[in-house]
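Commentary on secondary and tertiary structure
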Amino acid sequence: MVFELNVQTTSRRLADRKVERFVKNITKRGAVPETTAKKGKDYPVGPILLGFFIFVVIGSWYIIEETLGFCALYLRDEIVTKRNRPGRNADSTGSGTQNGGLSCFGSHGRSLGRKKLIHLEHEEWERAHRAVLFGCPEVEKYIRQHEQEVIANRISPETKKAAQARAHMEFPDWFSTEIQSQIDNGVAIDADLQALARGPNHWTSRWSSYVINGFRFNVKSNDADSATQNSGVFVRAVEDNYASAQDHNPRAAVLDYYGVVKDIIELEYHHGRKVVLFDCDWVDGRVRGRHLKTDEDGFVLVNLKHLLPGPDTFTLASNALQLFYVKDPIQPDWNVAVRTRPRDLFDMDMAANDMVLCVEMETDEMDVPLDLETLPIRAIPPSQDHVFYPQVINELKPFKGQEFKTWEEAHVFYTKYASAAGFVVRIGSSRRSRKTNEFIRKEFFCNRQGNGPRELTGNEKRIRGVVREDCKARMIVGRVKTGGFVVNIFDECHNHPMTSPEMRHLVKSNRGHTKAQKLLWQQLSMVNIPTHRQFDILGVQAGGFQYIGCTQQDLYNLERDKRKETKGHDGEMLHDYFQLEQEKDSCFYFTIKADAENKITHCFWTDALSRQSYKVYGDVIIFDTTYQTNRYGLIFAPLMGINNHGQTIVFGAAFLSDETADSFVWLLWRCRQDLLLFFVF
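It should be emphasised that the depicted structure is a prediction, and the values quoted were computed from it without experimental measurement.

What counts and what doesn't
- Residues numbered from 1 in each chain as written.
- Predicted model: local features only at pLDDT ≥ 70, side-chain atom pairs only at ≥ 80, totals over all residues.
- Heavy atoms only, no water.
- Helix = DSSP H or I, 4+ residues; strand = E, 2+ residues; numbered from the N terminus.
- Buried < 20%, exposed > 50% of the residue type's maximum accessible area, 1.4 Å probe, protein only.
- Contact = heavy atoms within 4.5 Å.
- Salt bridge = Lys/Arg side-chain N within 4 Å of Asp/Glu carboxyl O.
- Pairing = 2+ DSSP bridges.
- Phe/Tyr/Trp six-rings, centres within 6.5 Å; stacked < 30°, edge-to-face > 60°.
- Lys NZ or Arg CZ within 6 Å of the ring centre and 35° of its normal.
- Axes fitted to C-alpha atoms, helices over the stretch in contact; angles between N-to-C directions.
- Core = buried A, V, L, I, M, F, W, Y, C linked by side-chain atoms within 4.5 Å.
- Parallel < 35°, antiparallel > 145°, perpendicular 65-115°, else oblique.
- Nonpolar A, V, L, I, M, F, W, Y, C, P; charged D, E, K, R; others polar.
- pLDDT = per-residue confidence, 0-100.
- Left-handed = near helix turned anticlockwise from the far one by under 90°.
- Patch = residues over 30% accessible without salt bridge, like charges linked within 9 Å, V, L, I, M, F, W, Y side chains within 5 Å.
- Areas by Shrake-Rupley, 256 points an atom, 1.4 Å probe, with all protein chains shown as cover.
- Polar contact = N/O pair within 3.5 Å; in protein donor to acceptor, adjacent residues only side chain to side chain.

A closer look at the overall build of the protein chain
When helices and strands are counted, the protein chain shows 15 helices and 25 strands. The 681 residues of the protein chain split such that 38% are buried. Within the protein chain, contacts between residues at least 6 apart in sequence are counted, and of these 60% link residues at least 24 apart.

Okay, here's the thing in structure tokens:
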């Protein structure tokens, strides 16, 4: 075998010599020099040049971009740059906005597309003009005045509700006559109010698209041929609400309207004052749960096939917010109404947009349809919307006169209602009987009831977690003679938005731990898995963090509670644990030393494996006391060595209260006794 290797080596050497001579001959005959050919292989320059080229291009683009941005700061305002270019859905300042004028003439929208001039018939003209009148807050006092006059002068058998409907239809003519009468009597009337009383021109402009409030609205016919949906509209309005057909004392209530824009017109009043209106198809929400409802997950579902009848379908464009409808896969006739955020607008109060879209009904026993087709849609602008009515199923909603066996049962019921609605319950004041000292009255409030603390001055510390907003929502129960409790007062109106369905699982009353989760947490804690990792594991097991039922802070609170339980008993727990290990292994040994206050100062332990390892590998012992715990201040002192594989092994361990000579003498003496060590001093 050795001979064959020598032969192959000799042959290879001869072959290399022949190749060298052959290459020299080729070079002499004009071939490319060998040094030139190898240079391209030994020193590749392609990637370097490519990287340098990319660096130059990117660097040049960045320098140009910064230079243009710097120069744009010194250009005139009329020159459009990326710094002053308006957004895609930016509103323009309306020409009709005047200081001290009517709010309905201060339109800030922007029309898109081609304008089409149309002539309104008298009936449609009246509907549009009436929508402007009832949508203007400055006309509210005239509306109430006329309504009171009509109700006071009604003739039997006309009901109050019928008189209100008649006042609604006759108001435009009465308003025009009233303003003219005041002018004739020398009363100073604002020019905008005079123009509003005269009514708009019958010739009006029609648009297919309009941008306002940061949204781009299209008419329904445009969405049919488009991949996007921009015709959904949402309006929150104030109306007189009746509990039933026999109710003659209506209450003002906030109602949510969901619809689709079918036409956009611009009315022109005297001296160029303009108002933009949306003519919409509104979903019939007169009976709760029939064509408009909220599912168990808090999503609003509407049936677009059932529309609200009646002539008053116009609404001011300035009061409209946009939404889009998603087909419900389970119920084909229903659509989920999803609110959207305005594009490029960050200074609007959109806190309510992320919350539950609530449909307010004053009572649960509203089986008789309301005559909404005879009532105006007086919309509230989004900035003025401060009334929130939670919507829950009737079984969870309390009512006046509801009876409970105990006040604790009433508290549990109201807490379930709050969990479904999206707020937290706080127990308020109570009253006891002077004779029996039992509760006779109990109050439950929203956690935002009351006012916040006073403003801090000087060096006072800041108060954290202040959520008081003087919310008036409450439920008060009182004791009856039969021994139970009955609901005396129930106010469901809140002055703050409810928690959104996506965040409702974080409400305090909805959070908690199951027995399985607590057991898993204990097992993970025993193997020293960090709390944030435990939360990740629970999230994977539950299928998402929203399904865990608690927050990461709740796990930290579990650890805190566990430390409180073990406080003052941790020394006994350590002693019991060592005794349990000693019962399992007779060679396990431990010793504990305590001070006068019965606190552990020294502790040493070792097991059978550590003793056996010392007998074999106890030639060298490493003794280190650089480890110190934070909670108890005890120094951890392991006794270690090295086996024949170079691996670290442990002979024993100890806790020391300090690093004095007495502590080391105690430790070494225990080692000598327990590990049969012989130290040379």
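From this point on, the discussion continues.
A look at the pattern of salt bridges
Inspection of the entire model under this criterion finds 16 salt bridges. The partner of Glu147 in a salt bridge is Arg144, and the shortest N-O contact between them spans 3.4 Å. One end of the pair, Glu147, and the other, Arg144, are both in helix 5 (residues 140-152), three residues apart, so they sit about a helical turn from each other. The exposure class assigned to Glu147 is buried, which follows from its relative accessible area of 14%. Close ionic contact of Asp263 with Arg206 constitutes a salt bridge, the shortest N to O distance being 3.2 Å.

Some thoughts on the pairing of strand 17 (residues 439-446)
Burial of strand 17 is extensive: six of the eight residues sit out of reach of the surface. Two strands pair when backbone bridges link them, and strand 16 (residues 425-432) and strand 17 are joined in this way by six bridges, in the antiparallel orientation. Bridge pairing links Arg426 to Phe445 in strand 17. Between the end of strand 16 and the start of strand 17, which pair antiparallel, lie six residues, with Asn437 showing a positive phi angle near 60°.

Considerations on the packing of aromatic side chains
Evaluation of the coordinates by the stated rule reveals 26 aromatic pairs. Chaining the aromatic ring pairs together yields one cluster made of Tyr577, Phe578, Phe588, Phe590, Trp605, Phe636 and Phe655. Lying across the ring of Phe439, Arg432 places its NZ or CZ 3.9 Å from the centre. For Lys442, the ring lying beneath its charged end belongs to Trp407, and the centroid distance is 4.4 Å.

Some points on the sheet that holds strand 4 (residues 209-212)
To summarise the sheet geometry, strands pair through backbone hydrogen bonds and adopt either a parallel or an antiparallel arrangement. Strands sit in the order 1-4-5 across an open sheet of three strands; the sheet is antiparallel. Because the sheet does not close on itself, it has two edges, and the strands there are strand 1 (110-112) and strand 5 (215-218). Direction aside, neighbouring strands of the sheet carry axes that sit 25° apart on average. Bridge analysis of strand 1 against strand 4 gives three bridges, and the strand direction is antiparallel. What sits directly across from Arg110, in strand 4, is Val211.

Details of the nonpolar core
Within soluble globular proteins, side chains that are nonpolar tend to cluster in buried spots. Among the nonpolar cores identified, the biggest contains 31 residues, and Phe217, Val233, Tyr258, Val261, Ile264 and Phe278 are the most heavily contacted of them. It is strand 7 (residues 251-268) that provides the largest number of residues to this core, a total of six residues. Leave out the neighbours within four places in its chain, and Ile264 touches Ser205, Arg206, Trp207, Ser208, Ser209, Tyr210, Phe217, Val219, Val276, Leu277 and Phe278. Counting residues in hydrophobic clusters, the runner-up holds 30 residues, among them Leu102, Ile118, Trp125 and Ile143.

Re the sheet that holds strand 16
Reading across the sheet, the five strands line up as 15-19-18-17-16 and stay open at both edges, with antiparallel pairing between neighbours. A strand with exactly one partner marks an edge of an open sheet, and here the two such strands are strand 15 (403-404) and strand 16.

Regarding the packing of helix 4 (residues 122-134) against helix 6 (residues 160-184)
Closest axis-to-axis distance for the helix 4/helix 6 pair is 10 Å, and the angle between their directions is 85°. Classed by the angle they form, the pair helix 4 and helix 6 counts as roughly perpendicular. Contact residues: His129, Arg130, Leu133 and Phe134 in helix 4; His168, Met169, Phe171, Pro172 and Phe175 in helix 6. Taken together, the residues that form the contact of helix 4 with helix 6 break down as six nonpolar, two polar and one charged.

As for helix 7 (residues 191-198)
Of the positions making up helix 7, those classed as buried are Asp192, Leu193, Ala195, Leu196 and Ala197. Buried residues belonging to helix 7 abut helix 4, helix 5 and helix 6. Just past helix 7, the residue Gly199 takes up positive phi, approximately 95°.

What about the confidence of the model for the protein chain?
In the predicted model, the protein chain carries a mean pLDDT of 76, and 76% of its residues have values of at least 70. For the stretch residues 1-8, pLDDT sits under 50, and the model shows zero contacts to residues farther than four places along the chain or on other chains. Ignoring residues within four places in sequence, the model shows residues 37-41, a span with pLDDT below 50, making zero contacts including any to other chains.

Structural notes on the packing of helix 5 against helix 6
Direction vectors running N to C along helix 5 and helix 6 enclose 120°, while the axes themselves pass 8 Å from each other. As the angle between them shows, helix 5 and helix 6 are arranged oblique. Crossing angle aside, the handedness with which helix 5 passes helix 6 is right-handed. Contacts between helix 5 and helix 6 involve Tyr142, Ile143, Gln145, His146, Glu147, Glu149, Val150 and Ile151 on the former and, on the latter, Lys160, Ala163, Gln164, Arg166, Ala167, Glu170, Phe171, Trp174, Phe175, Glu178, Ile179 and Gln182. The residue makeup of the contact of helix 5 with helix 6, split by class, is ten nonpolar, four polar and six charged.

Some words on the environment of Asp256
As for its position among the elements, Asp256 is in strand 7. When its relative accessible area of 6% is taken as the criterion, Asp256 is described as buried.

Focus: a nonpolar patch on the surface
Nonpolar side chains collect at one region of the surface, where Leu50, Phe53, Ile54, Val57 and Ile58 lie side by side and expose about 500 Å² of accessible area between them. Along the chain, the position of Leu50 falls in helix 3 (residues 46-72). A relative accessible area of 51% means that Leu50 is categorised as exposed.

Points about the side chain of Asp192
With respect to the helices and strands, Asp192 occurs in helix 7. Asp192 gets classed as buried once you look at its relative accessible area, which sits at 3%. One polar contact links Asp192 to Arg273, side chain to side chain, over a distance of 2.3 Å.

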